[in-house]
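Listed below are the residues making up each chain.
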Protein chains: 2
Amino acid sequence: MSRATVSRVVNGVTSVDENIRQTVERAISSTGYLPNLAARSLVTRRADAIALVLPSESRIVGDPFFTRIVRGVSTVLRPLGVHLVLMMTGADTGDQVVADLRQGRLDGVILVHTYQADPLPTLLLQSRQPVVLSARPAEPIPITYVDVNQTAGGALAAEHLVARGCTRVATITGSLDRPPGHDRLAGFRDAMAELGQPDVVSVEGNFTRESGAAAMEQLIAEYPDVDGVFIASDLMAEGALPVLRKHGRRVPDDMAVVGFDDSSAALSCDPPLTTVRQPVEDMAAEMARQLLRQIDRVDTPIRSVIFEPILVVRQSA
Amino acid sequence: MSRATVSRVVNGVTSVDENIRQTVERAISSTGYLPNLAARSLVTRRADAIALVLPSESRIVGDPFFTRIVRGVSTVLRPLGVHLVLMMTGADTGDQVVADLRQGRLDGVILVHTYQADPLPTLLLQSRQPVVLSARPAEPIPITYVDVNQTAGGALAAEHLVARGCTRVATITGSLDRPPGHDRLAGFRDAMAELGQPDVVSVEGNFTRESGAAAMEQLIAEYPDVDGVFIASDLMAEGALPVLRKHGRRVPDDMAVVGFDDSSAALSCDPPLTTVRQPVEDMAAEMARQLLRQIDRVDTPIRSVIFEPILVVRQSA
DNA sequence: TTGTAGGCGTTATCAG
DNA sequence: CTGATAACGCCTACAA
């Protein structure tokens, strides 16, 4: 019996005589034969591996957020036997990734939370390599990405604060020059206006714990009558809560607090945080699917997929 | 000029005429030639990729701990061009990994915090595949691992509590049937005895936040005079602190608290936690080195490498 | 439906 | 020091 026939059986080609197929399969399982993937890769020109590129400095890593991404991506990749190669951005990540792609070690790339000026997206785009971003890029470039509906998230927070009776509402925003910071604020503002409270106080933070604390100090000093606040990330909320406690404000009685992300911080806060949650696993799975589609056929059209967030109600609001 | 010569230049073989070498290198950089790694892999029988296997349920993932491991491993792998393939344990992880190893897609495996009954270590050992564990296995099997000196960590906590004047000291332990839980307690106890306080109260937790809270409730109820406590993980400490606050105990004035891990929890606690820190990056880098050594030559002797922890003093003690 | 034969892009072995 | 030449293990026309 020839190697060709065995190859056909292994790859599930239908045009194989049933008897022969069974014989081959018996032989395979009795020998414990496994095809050598390097050899296959050489001829199929597929690495069956994709890279997940993460920002190394990030507050993102070291957060369930990241785990959830890996989990979501894996659910799609694992059944297909596609490897997930992890890379934290460093000085030469860009070249490294491009080289791996060209050397046939990688079939595509998922870029998670690239920083604003990251040249990698454009680089990959130009070399026509399969790539998916985890969020809308700051600059509008023709690239496939998956994102959460940030404005809807802000609106969710607004509705909850109003529904629970807050009459003087504020927000601590993220960096306004980044899409998430900008959009969460916009969504929150618009929703508050529609709910009849157009005068929303806002203080700008930068998504760090420290900035959350500072913003809350400022808020309390300048607007002592605020009774509800939407903080655009859990991490900032984590910084803000001790400030409230220090000033004797009880949460949620004196001040209702809604966060964003549903990160680990949300649970470890005292009290646990009511927060806007992104369906990260689903989003990650979708990123994987979009990437595989691009790998499957070049010239897959650019696409962006937006997921809806939900509000997780805990005790802070 | 022959492929063979080019191959020699690419692989830096010394026995090549300097003129020819330069010509080849010029040609390479002007063409932008990159060797196909699948083809190389086929003949060298190296995948230049290793797997990092993580427990999926874990509180470990979603913690800087995990990021630090990746970073440490990457510092060793990246310069060598070795890929880091991430796998979260699932139903079939074991078979998957073994298959990948045999198919030449993976050269070795780093197993992070495997659970007690995990068959994978033994499986890999039997098939003589390169493998390194991130901690001493519960059962004494002949396998290479890297660990922190857990008992020394417990002793560090003891010394600090005594040095700051605590006279009635307790500990909330981790699961005592697991090496870290057992060893941290033993190290703490022994050190306390040497410091003249042999009567250490201990309550057993199981490393979860909830168990930390419950243990602290019990501690306060049964031993109201305790003024210092070593909690065997930051996560448990995070659960315990609100309990102390609820009972009106100030930290550190009424109760000094020392944690273990220096996880994200340590920083987000109020007050920030004094805790025992493992040199995770160094340990991870060492795991990578040990693994590469095994990959380089089979029959590398089993080895265990132990790192010393340090105490990070913040405000809880 | 099956087998034959060529090729995928390297590295490694040997003569020269 | 260099250049043929033979693997490496698999897939895939193409022919039978």
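Whatever comes next refers back to the structure up there.
The notes below deal with the structure included here. (Residues numbered from 1 in each chain as written. Chains lettered and ligands numbered in written order. Predicted model: local features only at pLDDT ≥ 70, side-chain atom pairs only at ≥ 80, totals over all residues. Heavy atoms only, no water.)

With that settled, consider the overall build of chain A. Helix and strand counts for chain A come out as 12 helices and 12 strands. Against the 2.2 N^0.38 benchmark of 20 Å for 317 residues, chain A shows a C-alpha radius of gyration of 25 Å, more extended than a compact globule. Principal-axis analysis of the C-alpha atoms places the extent of chain A at approximately 85 × 40 × 35 Å. Burial statistics for chain A: of 317 residues in total, 54% are counted as buried. Contacts spanning at least 24 positions in sequence make up 73% of the contacts within chain A whose residues lie at least 6 apart. (Helix = DSSP H or I, 4+ residues; strand = E, 2+ residues; numbered from the N terminus. Rg over C-alpha atoms; globule rule 2.2 N^0.38 Å. Buried < 20%, exposed > 50% of the residue type's maximum accessible area, 1.4 Å probe, protein only. Contact = heavy atoms within 4.5 Å.)

This brings us to the relation of the copies chain B and chain A. When chain B is fitted to chain A, the residual RMSD is 0.1 Å, and the transformation amounts to a turn of 180° plus an axial shift of 0.0 Å. Look at the turn and shift together and you get a two-fold axis relating the two. Scanning chain B for the C-alpha nearest the rotation axis identifies V85 of chain B, at a separation of 2.2 Å. Of all interface residues in chain B, 100% are interface residues in chain A too; the two copies therefore contact each other through one and the same surface. (Least-squares fit on C-alpha atoms with pLDDT ≥ 70 in both.)

A word on the interface of chain B and chain A. Many analyses report the size of an interface as the accessible area lost when the parts associate. Taken together, the contact pairs 46 residues of chain B with 46 residues of chain A. Summing the contributions of chain B and of chain A, the shared interface buries around 4000 Å²; its carbon and sulfur component is 54%. Ranking the residues of chain B by area buried against chain A places R78, H83 and R105 of chain B at the top, with a combined share of 18%. For the pair chain B and chain A, the number of links is four salt bridges. Salt-bridge contacts for D92 of chain B lead to R78 of chain A; the nearest nitrogen and oxygen are separated by 3.1 Å. Linking chain B with chain A are 20 residue pairs in polar contact (both at pLDDT 80 or more). Every element with two or more residues in the side of chain B that touches chain A is listed here: α3 (37-44), α4 (64-77), β2 (83-88), α5 (93-102), α10 (234-246) and α11 (264-268) of chain B. Partitioning the side of chain B that touches chain A into residue classes produces 21 nonpolar, 12 polar and 13 charged. (Buried area = accessible area lost by both parts, 1.4 Å probe. Salt bridge = Lys/Arg side-chain N within 4 Å of Asp/Glu carboxyl O. Polar contact = N/O pair within 3.5 Å; in protein donor to acceptor, adjacent residues only side chain to side chain. Nonpolar A, V, L, I, M, F, W, Y, C, P; charged D, E, K, R; others polar.)

Moving on: the protein's contact with DNA strand C. In the vicinity of DNA strand C, 24 residues are found, and the nearest of them are T5, R8 and I20 of chain A together with S7 and N36 of chain B. Of what DNA strand C places within 4 Å of the protein, 69% of the atoms are sugar or phosphate. Measuring from a phosphate oxygen of DNA strand C, one finds a backbone N or O atom of D17 of chain A at 2.9 Å. Residue R40 of chain B places a side-chain N or O atom 2.8 Å away from a phosphate oxygen belonging to DNA strand C. Among the elements that make up the surface near DNA strand C, the one with the highest residue count is α3 of chain B (four residues). (Near = heavy atom within 4 Å.)

Here the focus is empty space enclosed by the protein. Under the defined criterion, the tally for this structure stands at five cavities of 30 Å³ or more. Approximately 390 Å³ is the volume found for the largest cavity. Taken together, 26 residues line the largest cavity, and the ones lying closest to its centre are S41, A47 and R105 of chain A together with A47 and R105 of chain B. For the lining of the largest cavity, the elements supplying multiple residues, two or more each, are α3 (37-44) and β2 (83-88) of chain A together with α3 and β2 of chain B. A class-by-class count of the residues in the lining of the largest cavity yields 10 nonpolar, eight polar and eight charged. In this structure, the second largest cavity occupies an estimated 170 Å³ of space. Forming the boundary of the second largest cavity are 14 residues, of which S268 and D270 of chain A together with S268, C269 and D270 of chain B lie nearest the centre. (1 Å grid on protein atoms, 1.4 Å probe; cavity = no way out; pocket = protein on both sides within 12 Å on 5 of 7 lines; lining within 4 Å. Points joined across faces, edges and corners; volume = space filled by probe spheres on them.)

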